[in-house]
Amino acid sequence: MSARILFVTGTNTEVGKTVTTAAVASAALQGGLRVAMLKPGQTGVGPGEPGDAEEVRRLAGELTLRELVRYPEPLAPDMAARRAGMPCLSPAEVAAAVAELALSHDLVLVEGAGGLLVRYDEDGRTLADQARAVRDAGLPAEVLLVASAGLGTLNIVALSAEALAARELPLAGVVVGSWPSAPGLADRCNLVDLPRSAGAPLLGALPERAGSSADFAALAVVSLAPDLGGTWDAKHFTESHWPE
């Protein structure tokens, strides 16, 4: 059985991409799977400081971590690389790392920097190009899109879905990375509209501040759909939050 490969991207920064990656990793580990997490380009973190990969391990538990390159300034990877005088990351390098991890793991999670089309080099190659390179190498890469809950999210979800379709990259589904404790009208209605905009299922909703949970493992399972190793039910969640 070949490894499942999920590229995790967001509709924007600060939408809960890392905590979602950790939740998917946690659910898989609890299901007895061998899990690896790859961070191709880490920005905004200096040498020796914990980055997104270490945060995933803190939340999810023991898994294989791999970080390919680290740039100190919190910028898009291509600009961060240029300002640091460091080489950019190529899709081929990412594809090679994914292929290596896929040999000994059941699930490989690849967490991008920012959104789907953030540039990684001066030629404008992106996380989507990395995922395309993995598929071109014969591996079954999919994309998981992490979105915010409120106003403005539908347009970005639809644009991301169109960009994926244009590149013939399958969208596994959408996860709300930070479901508010007091959801407003737009948040509630978007539970219906998000899968419509994405053309893909809603696969979970992590509560806000999930990373501070006293029992993240249990939270991960009840916040993710069965396709991601959890017990969360999109229909029940949507109906229970539908405005009167």
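Above this text you will find the structure in question.
A few points on the structure.

What counts and how
Residues numbered from 1 in each chain as written. Predicted model: local features only at pLDDT ≥ 70, side-chain atom pairs only at ≥ 80, totals over all residues. Heavy atoms only, no water. Helix = DSSP H or I, 4+ residues; strand = E, 2+ residues; numbered from the N terminus. Rg over C-alpha atoms; globule rule 2.2 N^0.38 Å. Buried < 20%, exposed > 50% of the residue type's maximum accessible area, 1.4 Å probe, protein only. Pairing = 2+ DSSP bridges. Right-handed = clockwise from strand over helix to strand, strands pointing away. Salt bridge = Lys/Arg side-chain N within 4 Å of Asp/Glu carboxyl O. Contact = heavy atoms within 4.5 Å. Axes fitted to C-alpha atoms, helices over the stretch in contact; angles between N-to-C directions. Phe/Tyr/Trp six-rings, centres within 6.5 Å; stacked < 30°, edge-to-face > 60°.

From N to C terminus, the protein chain includes nine helices and seven strands. Taking 244 residues into account, the globule formula puts the C-alpha radius of gyration at 18 Å, and the protein chain, at 17 Å, falls close to it. Along the first, second and third principal axes, the C-alpha atoms of the protein chain reach 55 × 35 × 35 Å. Relative to its 244 residues, the protein chain shows a buried fraction of 52%.

Of all nine residues in strand S6 (residues 171–179), eight are buried, a share of seventy percent or more. As paired elements, strand S5 (residues 141–147) and S6 share five bridges and run parallel to each other. Across the sheet, Ala147 pairs through a bridge with Val176, a residue of S6. Handedness of the crossover is the feature at issue here: the chain leaves S5, passes through helix H6 (residues 153–166), returns alongside S6, and the resulting connection is right-handed. Bridge count for S6 against strand S7 (residues 202–207) is four bridges, and the pairing is parallel. Bridge assignment links Trp179 to a residue of S7, and that residue is Pro207. What joins S6 to S7 is helix H7 (residues 185–198), and the crossover it makes is right-handed.

With that settled, the discussion passes to the pattern of salt bridges. One side chain can pair with another of opposite charge once the charged atoms of both are near each other. Considering all chains together, one arrives at 19 salt bridges under this definition. For Glu67, the salt bridge goes to Arg70, with nearest N and O atoms at 2.8 Å. Connected through salt bridges with shared partners, the residues Asp78, Arg82, Arg119 and Glu122 form a single ionic network.

A few words now on the side chain of Ser26. As for its position among the elements, Ser26 is in helix H1 (residues 17–30). A relative accessible area of 2% places Ser26 in the buried class. Those residues in contact with Ser26, other than ones at most four positions away along the chain, are Ala60, Phe216, Ala217 and Ala220.

The element strand S2 (residues 35–43) is largely enclosed, with a buried count of nine among its nine residues. Where S2 meets strand S4 (residues 107–115), four bridges bridge the pair, whose relative direction is parallel. Within S4, the position partnered with Ala36 by the bridge is Val108. Here S2 runs beside strand S3 (residues 64–71); their pairing, made up of seven bridges, is parallel. Bridging from a neighbouring strand, Gly41 pairs with Val69 of S3. For the crossover that starts at S2, traverses helix H2 (residues 52–60) and ends in the parallel S3, the hand is right-handed.

Let us look at the sheet that holds S5. What the seven strands build is an open sheet, ordered S3-S2-S4-S1-S5-S6-S7; its pairing is parallel. Every other strand in the sheet has two partners, leaving S3 and S7 as the edge strands with one partner each. Along the sheet, successive strands turn relative to each other by an average axial angle of 20 degrees, direction set aside. Together, strand S1 (4–10), S2, S3 and S4 form the strand contacts of helix H4 (residues 91–102), whose direction differs from that of S3 by roughly 165 degrees. Sitting on the sheet, helix H5 (residues 127–136) is in contact with S1, S2, S4 and S5, with an inclination near 170 degrees to S1.

Attention now goes to the packing of aromatic side chains. Evaluation of the coordinates by the stated rule reveals two aromatic pairs. Between Trp179 and Phe237, the aromatic rings sit 5.4 Å apart at their centres with planes inclined by 70 degrees, giving edge-to-face as the arrangement. Taken together, the residues span a long stretch of sequence, with Trp179 in strand S6 and Phe237 in helix H9 (residues 234–241) at a distance of 58 residues. Note on Phe237: relative accessible area 15%, which makes it buried. Aromatic ring contacts, followed pair by pair, group Trp179, Trp232 and Phe237 into a single cluster.

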